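Remarks on the overall topology
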Amino acid sequence: MAQLLVGYDVESFAIGEGLARIGDHGIVQATEPDSTPQGLEVILRNHEEFDAPATLFVCGRTLVHHVALFQELVRHPLIDIQQHTYSHALFKPDYWNGGVFLASPEEALETELMTTSAAIDKHLGIECIGLRTPHGHYLGLSDRPELLDIVARCGIRYISSWGRGANGENPTPISTQPFWYAEQGHPEILEIPFQHWLDGIWFEANGIDKGREFGQVLQGAIDEIVADDLTYGACFHDWAMLRYDEAGTQWVRSLLSYARARDTEIVSYTDYYRSMPALVPA
């Protein structure tokens, strides 16, 4: 059966380490510094309407700026909270538009993951087992086993890091499907790629007021996974709900509505991971 996993990178206030080193904050602020609660309000309203689970991949810096908000959300039956590093640090360099977003050293990455997991445990009382890596990369971490060692030491059991095509482009083919990192020596770690279009890349290329058109594009992804019984890991952002007027143009709502109409199962990233233990090689 086709499955839709909807994940939101929640990252306002999370200044990327690599970007900070070259003097650019790197985060597109939707309107004002309080965009996090506004964006999450839109997300929650959509997912409640369609009884659709969602995973929030939250940066640690964002969490500690909005502790009370996330303490409320963690009790919501549709909301799953995992991490997105502490300050939006990159695992691999991202070459984009003639420049490069710098990767962080291994010591910094381990500190980022451990600090965020500790904050989630302290403030929300839950164990963090999932990670979305900022930006995403071709091959995920399959070509960097030393980075998988860090992920494992930090108690992460699934990652969503394959988010680009072979030339670093977007959209990522939906044919890129989840797999275990057995060949890299970590059969206990599952990769759940995020495929198709990233919201920001599509809108900035096609127009920030084209939400209805983007909704139709997203429906095409549902047609594809239904035809071949595939898994689609969607990646959206909290600030994107405001910058690209989700409330007015309803591009996420269009995706969720169409997925329900086509009998697509909607699950959180974490519930998907928990449904897959039999795939771990003996």
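What counts and what doesn't
Residues numbered from 1 in each chain as written. Predicted model: local features only at pLDDT ≥ 70, side-chain atom pairs only at ≥ 80, totals over all residues. Heavy atoms only, no water. Buried < 20%, exposed > 50% of the residue type's maximum accessible area, 1.4 Å probe, protein only. Helix = DSSP H or I, 4+ residues; strand = E, 2+ residues; numbered from the N terminus. Pairing = 2+ DSSP bridges. Right-handed = clockwise from strand over helix to strand, strands pointing away. Phe/Tyr/Trp six-rings, centres within 6.5 Å; stacked < 30°, edge-to-face > 60°. Lys NZ or Arg CZ within 6 Å of the ring centre and 35° of its normal.

All right, on to the pairing of strand β6 (residues 130–137) then. Of all eight residues that make up β6, eight are buried, and the element is covered over most of its length. In this structure, β6 lies alongside strand β7 (residues 158–162), joined through four bridges in parallel fashion. By the bridge assignment for β7, H137 is matched with W162. This β-α-β element, β6 to helix α6 (residues 145–153) to β7, shows right-handed connectivity.

What follows concerns the packing of aromatic side chains. Scanning the entire structure with this criterion turns up 15 aromatic pairs. Ring centres of W162 and F179 lie 6.0 Å apart, and the angle between their planes is 85°; on these two criteria the pair is classed as edge-to-face. With W162 in strand β7 and F179 in strand β8 (residues 179–181), this residue pair connects regions lying 17 residues apart in the sequence. When its relative accessible area of 14% is taken as the criterion, W162 is described as buried. When its relative accessible area of 22% is taken as the criterion, F179 is described as partly exposed. With 5.4 Å between their ring centres and 90° between their planes, F236 and W251 make a pair best called edge-to-face. Of this pair, F236 sits in strand β10 (residues 231–237) while W251 sits in helix α11 (residues 251–261), placing them 15 residues apart in sequence. In this structure, F236 and W251 share a single accessibility class: buried. Above the plane of the ring of F194 lies R132, whose end atom (NZ or CZ) is 4.7 Å from the centre.

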